[in-house]
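The primary structure of each chain is shown beneath.
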2 protein chains.
Amino acid sequence: MIQKLVDEIVKKDAPIVVGLDPMMKFIPEHITKKAFEEYGETLKGAGEAIFEYNKGIVDAVYDLVPAVKPQIAMYEQFGIEGLIAFKKTVDYCKEKGLVVIGDVKRGDIGSTSAAYATAHLGKVTVGSKTYAGFDEDFATVNPYLGTDGIKPFIDVCKEEKKGIFVLVKTSNPSSGEFQDRIIDGRPLYEIVGEQVRKWGEDCMGGDYSYVGAVVGATYPEMGKILREIMPKSYILVPGYGAQGGKGADLVHFFNKDGLGAIINSSRGIIAAYQNPAYEKFSSLNYADASRQAVLDMKADIASALHK
Amino acid sequence: MIQKLVDEIVKKDAPIVVGLDPMMKFIPEHITKKAFEEYGETLKGAGEAIFEYNKGIVDAVYDLVPAVKPQIAMYEQFGIEGLIAFKKTVDYCKEKGLVVIGDVKRGDIGSTSAAYATAHLGKVTVGSKTYAGFDEDFATVNPYLGTDGIKPFIDVCKEEKKGIFVLVKTSNPSSGEFQDRIIDGRPLYEIVGEQVRKWGEDCMGGDYSYVGAVVGATYPEMGKILREIMPKSYILVPGYGAQGGKGADLVHFFNKDGLGAIINSSRGIIAAYQNPAYEKFSSLNYADASRQAVLDMKADIASALHK
């Protein structure tokens, strides 16, 4: 799957992933109105509105980008109905040929971590049958519990030809509270980065490992060092756009081959129509605004990379 | 909710939480057979079997213990149908008067962490209505992302009178890979423990804070130090039983008031009937075996605490 992701990035010339992190306040009124008319102001109505909203965006951008990254928390808050919308979104994106990165930030130990890996990347056995639960292509994973938490994911990835992105240095202001603390003269995020390199060594899928890392665009200097520590790991970079990261900050997340990083933008794309810069698009044309925002992001990154 | 948990621990004289972590191999054949006859070897059939199995255990132990801790991964692997079984389990346990600790180990930042907090502890708005998604009483939370990840949970807890347990030192063999690394002369888990104390200072619900901690029974010496670092935080202690923790190891997790810790056992209780020690119980009487295992665990802990 990492090779498919790389191939699609090259083919579409876009190291971009669209974060499908729907919030009710982003969804245009014509969509919520229709869903509520059909299902009432219920969790099912919310789930329906979320899926229709996502579908519009996906239809408008799927030919431009290699991947999407639905953030499961935004669906999980609507309970079962929200998770049905998550599953429908994953399935729809895959039908459109997109690589789906489940931003689930799961992490536990042993058989429990194996169950999370099964839920999101693998297949579960029921009697004599097997089924996939959510069936994303990649999942994000939290490293705090150590190898016991990561290994079960890697085992499933090996079996299913899928991949993970391990949180190394997150994009938020307080990420340094623990991640930047100095251990033997080096910050914790470097130690985690080294572990990601080791975990990924036997997990090559072409030029890159299917054990990747998450490093926030908001910390470009740290990204530069982590790029060197984990040369074979793809870096998933959140924090571009709404969180303050700019194209110029992204240069050092890439390798000299022009590959090795994929930049996420969520609300900057999916809620572009609410941004004054795109006010010529009305809420009825929200998906066209998203398409324009992708094109602008693509140009911004290309210019930063001097393409 | 922390006060209710403490009251129930005192009333039932049992600092014990039953981990409802169902695996298909634990479920007696008469239950799976019935579920598969009705729904086939499907995800729905699996979900039905899981819920019926849980229900039997809960009916057999609810008068003995204050709380249960369903591990959501074990349900999530069965996709939507598994999560329906999770939700039914949470609801059923609450009907029986049990405190429900959702072992979800979620953790993200800002609005995403707020969405997870809403999903598991809070209420979500749909138009003019509000709904609860999963509605546990407590949730476990991963601290790797720092205060940005924890604060949104605390905000929801304050509003809804609920609580969290933050992972500090986990019970698994490799937990030391990052958690034990030395920072300014002290291991990371102590730094996280100090942060838990600070996060919990303004969150008192009686004598204890509703910001608790997870510390594995497998590391009793570390538990002793963490007990002193976080005197007002309840400690949720996994790792008893199947993972090797014994009653005698638990003494230092408690405060001098005999409170401050709640010990989890999962397969040691829910799959007791498969343990040679309980072979007099057949699989038909699996719930009676679970009840006996709770009584034995209660005696083991009481003896360790010299009650």
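Everything in this summary refers to the structure shown in the same document. (Residues numbered from 1 in each chain as written. Chains lettered and ligands numbered in written order. Predicted model: local features only at pLDDT ≥ 70, side-chain atom pairs only at ≥ 80, totals over all residues. Heavy atoms only, no water.)

A look at the overall build of chain A
- A tally of regular secondary structure across chain A gives 12 helices and 13 strands.
- Against the compact-globule benchmark of 19 Å for 307 residues, chain A has a radius of gyration of 19 Å, which places it among compact chains.
- Burial statistics for chain A: of 307 residues in total, 63% are counted as buried.
- Taking contacts inside chain A between residues at least 6 apart in sequence as the whole, the part at least 24 apart equals 73%.
- Per element, the accessible surface of chain A, about 10,800 Å² overall, is 51% carbon and sulfur.
- Taken together, the 36 basic and 41 acidic charged side chains of chain A have centroids lying 2 Å from each other. (Helix = DSSP H or I, 4+ residues; strand = E, 2+ residues; numbered from the N terminus. Rg over C-alpha atoms; globule rule 2.2 N^0.38 Å. Buried < 20%, exposed > 50% of the residue type's maximum accessible area, 1.4 Å probe, protein only. Contact = heavy atoms within 4.5 Å. Areas by Shrake-Rupley, 256 points an atom, 1.4 Å probe, with all protein chains shown as cover. Lys, Arg positive; Asp, Glu negative; His and termini not counted. Charge placed at Lys NZ, Arg CZ, Asp CG, Glu CD.)

Overview of the pairing of strand β5 (residues 129-132) of chain B
Residues and elements named next belong to chain B.
- Of the pairings in the sheet, the one linking strand β4 (residues 123-126) to β5 comprises 4 bridges and is antiparallel in character. For Val 124, the partnering residue across the bridge sits in β5 and is Tyr 131.
- From the end of β4 to the start of β5, which pair antiparallel, there are 2 residues, and Gly 127 there has a positive phi angle of about 60°. (Pairing = 2+ DSSP bridges.)

Observations regarding the relation of the copies chain B and chain A
- Between chain B and chain A, the superposition needs a rotation of 180° and an axial shift of 0.0 Å, giving an RMSD of 0.0 Å. What the rotation and shift describe, once combined, is the action of a two-fold rotation axis. For chain B, the smallest separation between a C-alpha atom and the rotation axis is recorded for B:Ile183, amounting to 2.7 Å.
- A symmetric contact is evident, with 100% of the interface residues of chain B recurring at the interface of chain A. (Least-squares fit on C-alpha atoms with pLDDT ≥ 70 in both.)

Structural notes on unusual backbone geometry
- Of note, A:Asp135 is a non-glycine position whose phi angle comes to about 60°, a positive value.
- Relative to the elements of secondary structure, A:Asp135 occurs in the loop between β5 (129-132) and β6 (138-141).
- By relative accessible area, which is 21% here, A:Asp135 ends up partly exposed.
- Its identity as a non-glycine residue notwithstanding, B:Lys105 has a phi of 40°, on the positive side.
- Assignment of secondary structure puts B:Lys105 in strand β3 (residues 99-106).
- Since its relative accessible area comes to 9%, B:Lys105 is described here as buried.

Details of the nonpolar core
- Counting 232 residues, the largest nonpolar core has A:Ile164 and B:Ile164 as its most contacted members.
- Residues contacting B:Ile164, with those up to four places away along its chain left out, are B:Leu121, B:Phe138, B:Ala139, B:Val141, B:Ile150, B:Phe153, B:Ile154, B:Cys157, B:Tyr210, B:Val211 and B:Gly212. (Core = buried A, V, L, I, M, F, W, Y, C linked by side-chain atoms within 4.5 Å.)

Description of the interface of chain B and chain A
- In this complex, chain B contributes 72 residues to the contact, which on the side of chain A involves 72 residues.
- Regarding the contact of chain B and chain A, the summed buried area is about 5,800 Å², with carbon and sulfur atoms giving 62% of it.
- The largest contributions to the chain B side of the interface with chain A come from B:Glu41, B:Tyr144 and B:Phe178, which together make up 16% of the buried area.
- Linking chain B with chain A are 6 salt bridges.
- The residue A:Arg106 makes a salt bridge to B:Glu76 at a minimum N-O spacing of 2.9 Å.
- The tally of links between chain B and chain A comes to 37 residue pairs in polar contact (both at pLDDT 80 or more). (Buried area = accessible area lost by both parts, 1.4 Å probe. Salt bridge = Lys/Arg side-chain N within 4 Å of Asp/Glu carboxyl O. Polar contact = N/O pair within 3.5 Å; in protein donor to acceptor, adjacent residues only side chain to side chain.)

As far as function goes, none of this settles anything; it's purely spatial.
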